[in-house]
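Chain residues, written in single-letter form:
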Amino acid sequence: MGWLWWVGGATVFAILEILSLDLVLIMFAGGCLAGAVAWALGAPLGVQILVAALTSVLLLATLRPFLLKHLRERTPLVETNSAALVGREAVVVSTVTLEGGRVKLNGEVWSARVDAAQAIPPGTEVRVARIDGATAVVAPLV
């Protein structure tokens, strides 16, 4: 009956991996399966736990980096949230200075400021250089 606990643990880790997609919990699932193999070979519980732990660490150290590298090569990185706004064009709604102002960015009005000592009047198109907290740092289009 001991193998059932190991396989059950592997199943739980595999299901949780599906939810997290970090390729960490699946390595623990592999460790649980190694613990089940140790049980099948008649190893005592302490050895089973040691085999499961060592296998998990070995998988984390060797297989996970390999899988992550190949996964990142196949799947392009898609920026989300505020990082996705960098480089986009916006329109100044109220004059933007070093102290502040407003721009319409991606359909929303954002607080904005510039890095240089210049004022950008309303109606001017600008490009987002970076996002600093909840403020878009913008520069005029050239």
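Everything here concerns the structure above.
On a predicted model such as this, the values are computed, not experimentally measured, just so you know.

Novice: Help me understand the side chain of Gln48, please; the structure alone is not making it clear to me.
Specialist: Note on placement: Gln48 falls in helix H3 (residues 45-74). Polar contacts involving the side chain of Gln48 include one to the side chain of Trp6, which spans 2.8 Å. Leave out the neighbours within four places in its chain, and Gln48 touches Trp6, Gly35, Ala38, Trp39 and Ala43.

Novice: How should the sheet that holds strand S3 (residues 108-114) be read in this particular structure?
Specialist: In any sheet, the strands associate via hydrogen bonds between backbone groups, in a parallel or an antiparallel arrangement. Read around the closed barrel, five strands run S1-S2-S3-S5-S4, paired in mixed fashion. The mean angle between the axes of side-by-side strands here comes to 55°, regardless of whether they run parallel or antiparallel. Where strand S1 (residues 89-94) meets strand S2 (residues 102-105), three bridges bridge the pair, whose relative direction is antiparallel. What sits directly across from Val91, in S2, is Lys104.

Novice: What is the right way to read helix H1 (residues 2-20) from this model?
Specialist: Owing to its 3.6 residues per turn, the α-helix brings residues three or four apart onto one side. The terminal C-alpha atoms of H1 lie 27 Å apart, and with 19 residues this matches the ideal 27 Å at 1.5 Å per residue to within 8%. Of all the residues in H1, the buried ones are Trp6, Gly9, Ala10 and Glu17. Down the axis of H1, the sector holding all buried residues measures 100°, keeping them to one side. Opposite its buried face, H1 presents the exposed residues Trp5, Ile18 and Leu19, each directed more than 90 degrees away. Residues of H1 that are buried in the fold lie against helix H2 (25-40) and H3. Looking at the residues trailing H1, positive phi occurs at Leu21, about 55°.

Conventions and cut-offs
Residues numbered from 1 in each chain as written. Predicted model: local features only at pLDDT ≥ 70, side-chain atom pairs only at ≥ 80, totals over all residues. Heavy atoms only, no water. Helix = DSSP H or I, 4+ residues; strand = E, 2+ residues; numbered from the N terminus. Polar contact = N/O pair within 3.5 Å; in protein donor to acceptor, adjacent residues only side chain to side chain. Contact = heavy atoms within 4.5 Å. Pairing = 2+ DSSP bridges. Axes fitted to C-alpha atoms, helices over the stretch in contact; angles between N-to-C directions. Expected span 1.5 Å × (residues − 1). Buried < 20%, exposed > 50% of the residue type's maximum accessible area, 1.4 Å probe, protein only. Arc of directions from axis to C-beta.

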